[in-house]
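Here is what each chain is made of, one letter per residue.
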Amino acid sequence: MSALHPRRAAVTGIGVVAPNGTNTDTFWKSTREGMSVLDRITREGCEHLPLRVAGQVRAFEPSAAIEERFLVQTDRFTHYAMAAADLALEEARIGRDIVTDAPFSLGVVTAAGSGGGEFGQRELQQLWGRGSRFVGPYQSIAWFYAASTGQISIRRGLKGPCSVLAADEAGGLDALAHAARAVERGTDVMVAGSTEAPLAPYSMVCQLGYEELSTSDDPARAYRPFTTGACGFVPAEGGAMFVVEDAASARERGAHVWATVAGHASTFTGASCWELSREGLVQAIRGALDEAGCAPEEIDVVFADALGVPEADRAEALAIADVLGAHGRRVPVTAPKTGIGRGYCAAPVLDAAAAVLAMEHSVIPPTPNVFDIRYDLDLVTSRARAAELRTALILSRGLMGSNSALVLRHGAAE
């Protein structure tokens, strides 16, 4: 492709495994209707812990989606990733024939925040309780952050650029941007996204050190960002995977272009420095808009990070106003994650999936469980709002200080 006609990174496939739906259609229906599926955690071994409420994936049977030889090698977070990748590849019509013809032209990039805690805990209990001979060989890889990238690559035969990002919660957006840049540099197809599985005893104990975590036992009140009752966030499991490829090539083979990855930028402002995250988000948003060639008034909807901590919520509201100006007080803002939980690296990719579907269906999903808005935001609550959407801005921050912004444009808006 010549410099006069640069490659554009297009989203042609979406795969979702989330607390409110284990495929894209059910995820979108639940998100659009503002369903809240937050509930008491029922995972074995977690009953006595002070973290009570989360977004748990309940309607997912790994053995129905993944071969036994891969199941025994992998943790729950990789089960979600492999299943979501299958859904995305199927939707994009990337079959075995395409992979076989050019395996080095297809790559994988994922982001992970905690890795395979459930698998690791089980094997360590075997070590302590029965001895080293009872620890399986896959303990060395199944817990690792890169496990999902590696297993998707091996299972699907994708031998192109493969990587993993450990960039805090914001790494989910960074993975999409990484995939887009790989495509722009010449890779034909990238599978990109993030999944998490933090609802196991060891993983949950590790999370208890986060001051931002909500320990409320009321699912309707445990996660209410931008309100006077904000008391932190609740975690979630699951996530989303995308197929990202050159838009022109996708159209040539008859694939549907959902959206294009138009711009991205990231910054770092330090762990739990929520006042500083205002400036970090400002710089990230401006960088993403600049890369996209997008004026502030072109943003039609903002999918907020929505941490649920008053200082962080205030910083985000001010950052939106700083960059978007008067338009920032009028542009619709939403945070559908309040109905499913904030799934660490998976949270912003689920927002990205919701944003693509919102643009496709011309409707902004609501922010469940949130009503008394504390800040000068046009937050969409109660019910979905019809709107013509061409450009979406997605924001993400990590507990350790990463900030990212991503601009997506509707496929029909090119």
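Each value, and the rule that gives it
- Residues numbered from 1 in each chain as written.
- Predicted model: local features only at pLDDT ≥ 70, side-chain atom pairs only at ≥ 80, totals over all residues.
- Heavy atoms only, no water.
- Helix = DSSP H or I, 4+ residues; strand = E, 2+ residues; numbered from the N terminus.
- Rg over C-alpha atoms; globule rule 2.2 N^0.38 Å.
- Buried < 20%, exposed > 50% of the residue type's maximum accessible area, 1.4 Å probe, protein only.
- Patch = residues over 30% accessible without salt bridge, like charges linked within 9 Å, V, L, I, M, F, W, Y side chains within 5 Å.
- Areas by Shrake-Rupley, 256 points an atom, 1.4 Å probe, with all protein chains shown as cover.
- Salt bridge = Lys/Arg side-chain N within 4 Å of Asp/Glu carboxyl O.
- Arc of directions from axis to C-beta.
- Contact = heavy atoms within 4.5 Å.
- Polar contact = N/O pair within 3.5 Å; in protein donor to acceptor, adjacent residues only side chain to side chain.
- Axes fitted to C-alpha atoms, helices over the stretch in contact; angles between N-to-C directions.
- Parallel < 35°, antiparallel > 145°, perpendicular 65-115°, else oblique.
- Left-handed = near helix turned anticlockwise from the far one by under 90°.
- Nonpolar A, V, L, I, M, F, W, Y, C, P; charged D, E, K, R; others polar.

A few words now on the overall build of the protein. Scanning the protein from terminus to terminus reveals 15 helices and 15 strands. In summary, the protein has a C-alpha radius of gyration of 20 Å against a globular reference of 22 Å for 414 residues, a match within 12%. Taken over the C-alpha atoms alone, the protein extends approximately 65 × 55 × 35 Å along its principal axes. For the protein, with 414 residues in total, the buried portion stands at 60%.

It is worth spelling out a nonpolar patch on the surface at this point. Nonpolar side chains collect at one region of the surface, where Trp143, Phe144, Tyr145 and Val164 lie side by side and expose about 330 Å² of accessible area between them. Among the structural elements, valine 164 can be located in strand E5 (residues 162-165).

With that settled, consider helix H1 (residues 24-32). Side chains three or four residues apart in an α-helix point the same way, a direct result of the helix having 3.6 residues per turn. Those residues of H1 not exposed but buried are Thr24, Phe27, Trp28, Ser30 and Thr31. Mapping the buried residues of H1 onto a view down its axis gives an arc of 165°, with all of them on the same face. Looking at the packing, one finds that the buried side of H1 touches strand E1 (9-17), helix H15 (346-361) and strand E11 (363-364). Two to three positions downstream of the cap, the backbone nitrogen of aspartate 25 sits 3.1 Å from a side-chain oxygen, assigning the N-cap of H1 to asparagine 23.

Let's shift gears to the packing of helix H12 (residues 277-292) against helix H13 (residues 310-324). Following both chains from N to C, one finds H12 and H13 inclined at 40°, their axes separated by 8 Å at the closest point. By the angle between their directions, the pair H12 and H13 is classed as oblique. Relative to H13, the crossing made by H12 is right-handed. Contacts from Ser277, Arg278, Leu281, Val282, Ile285, Arg286 and Leu289 in H12 reach Ala315, Glu316, Leu318, Ala319, Asp322, Val323 and Leu324 in H13. Residues of the contact of H12 with H13, tallied by class, amount to nine nonpolar, one polar and four charged.

Functional significance is not addressed by these values, which are geometric in nature.
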